[in-house]
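What follows is the residue order along each chain.
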Amino acid sequence: MLDIAFIRQNTDVVRAAIKNKRLTVDVDELLAADRERRETLVALEGKRREKNDLSARIPKAAKEERPALVETAKGVRAAIEELEPRLAEIERRYTDLLLRIPSVPRPEVPIGGGEEDNVEVRKVGTPRAFDFEPRDHVALCGLLGLVDQEGPRKYAGGRSYALKGMGALLELAVTRLAVDVLVARGLTMVIPPVMVKERALVGTGFFPTGREEAYSIPEDQLFLVGTSEVPLVSLHCDDILDAGSMPIRYAGISPCFRREAGAAGKDTKGLYRVHQFTKVEQVVFCVPDEAVAEDEHYKLLANAEAVLAKLEIPYRVMLACTGEIGIGQTRKHEVESWMPGREAYSETHSCSTLGDFQARRSNIRLRLADGALTFPYTLNNTAIASPRILIPLLENHQNADGSVTLPKALVPYMNGIERLRPA
RNA sequence: GGAGAGAUGACCGAGUGGCCGAAGGUGCAUGAUUGGAAAUCAUGUGUACGGGCAACCGUACCGAGGGUUCGAAUCCCUCUCUCUCCGCCA
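Rules used throughout
- Residues numbered from 1 in each chain as written.
- Chains lettered and ligands numbered in written order.
- Predicted model: local features only at pLDDT ≥ 70, side-chain atom pairs only at ≥ 80, totals over all residues.
- Heavy atoms only, no water.
- Near = heavy atom within 4 Å.
- Polar contact = N/O pair within 3.5 Å; in protein donor to acceptor, adjacent residues only side chain to side chain.
- Helix = DSSP H or I, 4+ residues; strand = E, 2+ residues; numbered from the N terminus.
- Nonpolar A, V, L, I, M, F, W, Y, C, P; charged D, E, K, R; others polar.
- Axes fitted to C-alpha atoms, helices over the stretch in contact; angles between N-to-C directions.
- Parallel < 35°, antiparallel > 145°, perpendicular 65-115°, else oblique.
- Contact = heavy atoms within 4.5 Å.
- Salt bridge = Lys/Arg side-chain N within 4 Å of Asp/Glu carboxyl O.
- Buried < 20%, exposed > 50% of the residue type's maximum accessible area, 1.4 Å probe, protein only.

*Asks:* Help me understand the protein's contact with RNA strand B, please; the structure alone is not making it clear to me.
*Replies:* Around RNA strand B there are 19 residues in total, and Ser55, Ile58, Ala73, Arg77 and Arg365 lie nearest to it. One nitrogen or oxygen atom from the side chain of Glu45 is found 3.1 Å from a base nitrogen belonging to RNA strand B. In the model, a sugar or linking oxygen of RNA strand B is placed 3.3 Å from a nitrogen or oxygen of the Arg48 side chain. Looking at the surface near RNA strand B, the elements that each hand over two or more residues are helix H3 (27-57), helix H4 (66-99) and strand S14 (365-367). With 9 residues, the top contributor of residues to the surface near RNA strand B is H3. Here the surface near RNA strand B is built from residues that sort into 7 nonpolar, 2 polar and 10 charged.

Right, here's the structure in full:
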């Protein structure tokens with residue numbers, strides 16, 4: 001959410017952000033609602049003041065004057081009762097529009113519409129030249145007995161799967177490896193709730209735009225989170241954080257649930273796009289200073305790269321263009337891991353700065369040393385998401401016989417197993 | 001799921017219809033005192049929104065929402081959350 005005062009004073013900047021992010025909300029409609037809201041508020045507050053004045057005079061007034069004052073007060077109350085629902089209606093409209101206004105991308109973010117406009121920042125590692133025909137992860141999983149997709153499809157539907165045997169152990173291993181990297185780098189581990197109230201999703205910017213991506217539990221008015229970013233940021237909702245506590249760096253691990261509403265028919269094979277996965281996520285709160293936030297952003301990126309380095313997976317880092325970054329993000333890097341089966345780099349990590357967008361929505365405030373209140377900045381990045389990460393892991397480390405040699409760093413997490421072999 | 005108790009400012013806690021944005025205490029800040037500190041004393045100490053160039057003014061907020069009333073922290077209703085006991089349970 002942006003400060004309404006900022007929107008009033010920088011309407012053109014906001015308009016450009018909406019256009020560049022390929023969104024459709026109407027700023028002029030918002031500004032009109034804002035004007036109407038303030039006019040109605042002034043009128044209502046004037047009436048309330050009259051009411052308060054009269055109520056204060058009545059007990060002091062002479063007995064014979066009271067009935068007249070009470071009658072006047074009744075009239076004022078009627079006026080208030082007429083204005084209140086009108087204001088409530090205007091505010092509903094106003095708030096809904098305000099929640100759809102995106103944050104303004106940083107100047108370095110390239111303007112563009114789709115993936116093709118993302119800018120490559122660097123490539124790390126070299127895709128292996130195979131001297132045999134490499135298998136894709138679906139074939140490898142079959143050969144190694146890592147996944148059951150047939151069974152779950154019957155009782156859980158499409159995009160479901162069950163990790164089995166070494167596949168299940170592999171997920172535990174890579175997530176634990178990522179956790180250890182983050183803990184060694186000073187992040188505080190959190191295992192958060194994954195069923196949350198609507199306010200957490202509104203607060204983190206996933207609602208109302210993007211509502212169709214979330215699974216809901218209507219009976220209890222709860223939603224399943226698509227990332228632990230949601231509960232991790234919400235951990236501090238309504239809090240006033242102390243400047244001395246900045247930055248706060250969390251590492252969360254959780255199952256993540258996504259409906260993949262707009263992706264029907266896309267990536268239906270294998271483990272690339274699934275409804276449920278496990279993710280180790282990093283979330284940072286820092287002081288609202290662009291230089292500090294930038295520094296934290298690159299630290300988060302470096303953490304993710306450290307995980308990929310341990311897994312010996314080649315990757316490239318992309319700076320996402322305006323059309324590819326979310327409503328609240330002011331800057332996003334994607335890390336794309338090399339997937340031989342696709343013969344392409346594909347997204348495995350997403351590193352974002354959101355400015356005070358989430359803090360405003362979640363009512364997370366920061367008390368500065370001089371006593372002033374502001375909103376902290378929030379950032380987040382994937383550390384590892386499984387099973388998607390298993391795709392490059394298996395495909396890059398496969399051998400001609402269908403076996404997979406595990407990267408050294410992973411071996412201790414697999415209880416000394418160095419190689420997965422076909423049954 | 002059943003029975004009961006509760007929710008007030010940074011914290012503790014008083015307040016059962018107007019004099020309550022809210023006593024008192026703690027904490028915190030500033031000043032006095034001191035060689036310095038402690039102790040003591042004095043003063044101050046919420047947030048949001050709106051109006052105003054500003055000083056400042058107004059409105060709202062005592063878990064949330066609704067109702068009664070000229071007037072609600074105080075009365076009524078609904079809900080949420082916390083705690084205790086019972087049941088169930090990984």
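Let's pick the thread back up.
*Asks:* Explain the packing of helix H2 (residues 11-20) against H3 here, please?
*Replies:* Helices that pack against each other are described as a pair by the angle of their axes relative to one another and the distance between those axes. Where H2 meets H3, the axes come as close as 10 Å, and the angle between the chain directions of the two elements is 135 degrees. With respect to each other, H2 and H3 are oriented oblique. The residues of H3 that touch H2, namely those facing Thr11, Val14, Arg15 and Ile18, are Val27, Asp28 and Leu31. Looking at the contact of H2 with H3 residue by residue, the class counts come to 4 nonpolar, 1 polar and 2 charged.

*Asks:* Explain the pattern of salt bridges to me, please; I cannot follow it from the model alone.
*Replies:* When their charged atoms lie close together, side chains carrying opposite charge are able to pair. One pass over the full model with this rule turns up 34 salt bridges. One salt bridge in this structure joins Arg211 and Glu198, with 2.7 Å as the shortest N-O distance. Of the two residues, Arg211 sits in the loop between helix H8 (198-203) and strand S6 (216-217) while Glu198 sits in helix H8, which places them 13 residues apart along the sequence. In this structure Arg211 comes out as partly exposed when scored by relative accessible area, which is 37%. Across the salt bridge formed by Arg419 and Asp401, the nearest N and O atoms sit 3.7 Å from each other. Highlighted residues: Arg419 in strand S18 (residues 419-420) and Asp401 in the loop between helix H12 (390-396) and strand S17 (404-405), separated in sequence by 18 residues. Judged by its relative accessible area of 32%, Arg419 is partly exposed. One salt-bridge network, in which partners are shared between bridges, spans Arg8, Asp34, Arg37 and Arg38.

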